[in-house]
Structures are given as structure tokens and as C-alpha cells.
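# Working through the structure, step by step
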Amino acid sequence: GAGVSQTPSNKVTEKGKYVELRCDPISGHTALYWYRQSLGQGPEFLIYFQGTGAADDSGLPNDRFFAVRPEGSVSTLKIQRTERGDSAVYLCASSPQGGAGGPATQYFGPGTRLLVL
Amino acid sequence: EDKVVQSPLSLVVHEGDTVTLNCSYEVTNFRSLLWYKQEKKAPTFLFMLTSSGIEKKSGRLSSILDKKELFSILNITATQTGDSAVYLCAVELLDDKIIFGKGTRLHILP
């Protein structure tokens, strides 16, 4: 595809429910990042994948958050027992390289706006 | 703790004015500094800076990095209403993590 896509674009759920947010990176991009952006704030790093493995998950706020990228392409961010404070825009970005490959541009998806009632 | 601080947080100017947005950082293991423009949802890439003193330019936008003083500026000359957006500064670390500032919300009045 032409760019990073994310689905759904909007998600409204009730407190305590489980949600899955999907990210389709640009084809061939090995690195994939998840960010959370609250109103008036910059994107906050959550987790970074290099291929299929989570290279750095230090930004996940607690064990209710989990992300997978089983085939090194599409990634799913999973949030269990959602809380109102989880409401935010969840952004995904992909990059053609990372690690020893040096600096590389991240391309962002349009994000998923999550609202927990 | 790694941090990126942007100033001002918001700015309102008239069309045609020149603006300078500031970004300072305190991080370990710096790799590059990035500027993004965010209008609705997805930030769009503007510049990547890795070396001090070398200006990057794209049309009316330009940016420069000072690795000694740990800051960068983004200049926009002859501003237009379409420049209205949030401008995000971010620092990429050697472990590939990216730390964002809170952004500068720029509003251009016609």
C-alpha cells in the first residue's frame, strides 16, 4: 500500500472491555512502532518491533497492554480491561530500517482514536 | 530521564510573518533529531538532523541542529494559513526509541 494504515479509525468501548488495534505498515518496512498521544501532548512511545520481535517494550504502561507482530508485517496492539485513562489516539509508524542501519524516517499512520466510556 | 522540550507551546502570528520554533533536549545516546508537522492525526516528516551546523531546507521551512548546546530550531518564513499545525520535535536514540516533545501549536491568521 501507499502508506501505513490503521484500523479502526475510531473505537468507542466501555470500561473493562478488551480492544484490538491494527496496524498495517508500509510493505518491506522492518521496524514498527506504537505510540499513544493524549490531547495536547506529543506521541508517547509504547513499543518497537524489529521484524517479529519486540525490540523494546519499555513504554507499555502496564500489563494490560500487549502487542504482537507474528509475521513481521501487520501488528496488533491489545488492551485488556480498558480504563477511561486509556482514551487517546494510538499511532503506528513504520520505518525501512532501524538498529545498526542508522537513522531512518518513520512514516506514521492516521491513528486510531480510542474512547473508553 | 530523557526529555525533549519545545517552546513556545503555542504561537499565533499573521500570514507573512516569520516564526522560529525551539526544541531543546537532554538524552543519552543521541542518534538524530526529527521535526514533524501534525495537522490532524498522522505526523508528517519534515526534517532529520544528525550533524551540527548544517541547515536543512525545504521551501519556506528550514532547520538547524546544535549538538553542543543540545537544541534545534525550525524556521518558517512568509507563513501561510496552511502552515497552521502542531509542530513536533523528536529525538531518536541509538536503541531506536524516539522521544517526542509536546509540540508547538502554530496558528496563522489570514
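What comes next concerns the included structure. (Residues numbered from 1 in each chain as written. Chains lettered and ligands numbered in written order. Predicted model: local features only at pLDDT ≥ 70, side-chain atom pairs only at ≥ 80, totals over all residues. Heavy atoms only, no water.)

### Quick word on the state of the cysteines
Residues and elements named next belong to chain A. Per the counting criterion, the structure on display carries two disulfides over all chains. Here cysteine 23 pairs with cysteine 92 through a disulfide, and the sulfurs are 1.9 Å apart. Residues cysteine 23 and cysteine 92 are joined through a disulfide that is left-handed, its torsion about the S-S bond being -65 degrees. One end of the pair, cysteine 23, is in strand E3 (residues 19-24); the other, cysteine 92, is in strand E9 (residues 88-95), and 69 residues separate them in sequence. (Disulfide = S-S within 2.5 Å. Helix = DSSP H or I, 4+ residues; strand = E, 2+ residues; numbered from the N terminus.)

### Concerning unusual backbone geometry
The linkage connecting threonine 7 of chain A with the following residue, proline 8 of chain A, adopts the cis geometry, with an omega of -10 degrees. Summarising the element assignment, proline 8 of chain A is placed in the loop between strand E1 (5-7) and strand E2 (10-13). Following serine 7 of chain B, the chain continues to proline 8 of chain B via a peptide bond in cis, the omega torsion being -10 degrees. Note on placement: proline 8 of chain B falls in the loop between strand E1 (3-7) and strand E2 (10-14). Positive phi values are uncommon outside glycine, yet asparagine 29 of chain B reaches one of about 60 degrees. In this fold, asparagine 29 of chain B is placed in the loop between strand E3 (19-26) and strand E4 (30-38). One non-glycine residue, alanine 78 of chain B, adopts positive backbone phi at about 45 degrees.

### Regarding the sheet that holds E1 of chain A
Residue and element names in this part refer to chain A. Read from one edge to the other, the open sheet built from four strands follows the order E1-E3-E8-E7, with strand pairing classed as antiparallel. Lying at the two open borders of the sheet, with one neighbouring strand each, are E1 and strand E7 (65-68). Each neighbouring strand pair of the sheet contributes to a mean axis angle of 15 degrees, computed without reference to strand direction. Bridging between E3 and strand E8 (residues 75-79) involves five bridges; their strand directions are antiparallel. Following the sheet pairing, valine 19 is matched in E8 by isoleucine 79. (Pairing = 2+ DSSP bridges. Axes fitted to C-alpha atoms, helices over the stretch in contact; angles between N-to-C directions.)

### Remarks on the interface of chain A and chain B
The partner chain B presents 19 residues to the 26 residues of chain A that form the contact. Between chain A and chain B the total buried area reaches about 1800 Å² when both faces are included, carbon and sulfur atoms providing 55% of it. Residues lysine 97 of chain B and aspartate 56 of chain A are paired through a salt bridge, measuring 3.7 Å at the closest nitrogen-oxygen approach. Summed over the shared surface of chain A and chain B, the number is three residue pairs in polar contact (both at pLDDT 80 or more). Mapped onto the side of chain A that touches chain B, the elements with two or more residues apiece are strand E4 (31-37) and strand E5 (44-50) of chain A. (Contact = heavy atoms within 4.5 Å. Buried area = accessible area lost by both parts, 1.4 Å probe. Salt bridge = Lys/Arg side-chain N within 4 Å of Asp/Glu carboxyl O. Polar contact = N/O pair within 3.5 Å; in protein donor to acceptor, adjacent residues only side chain to side chain.)

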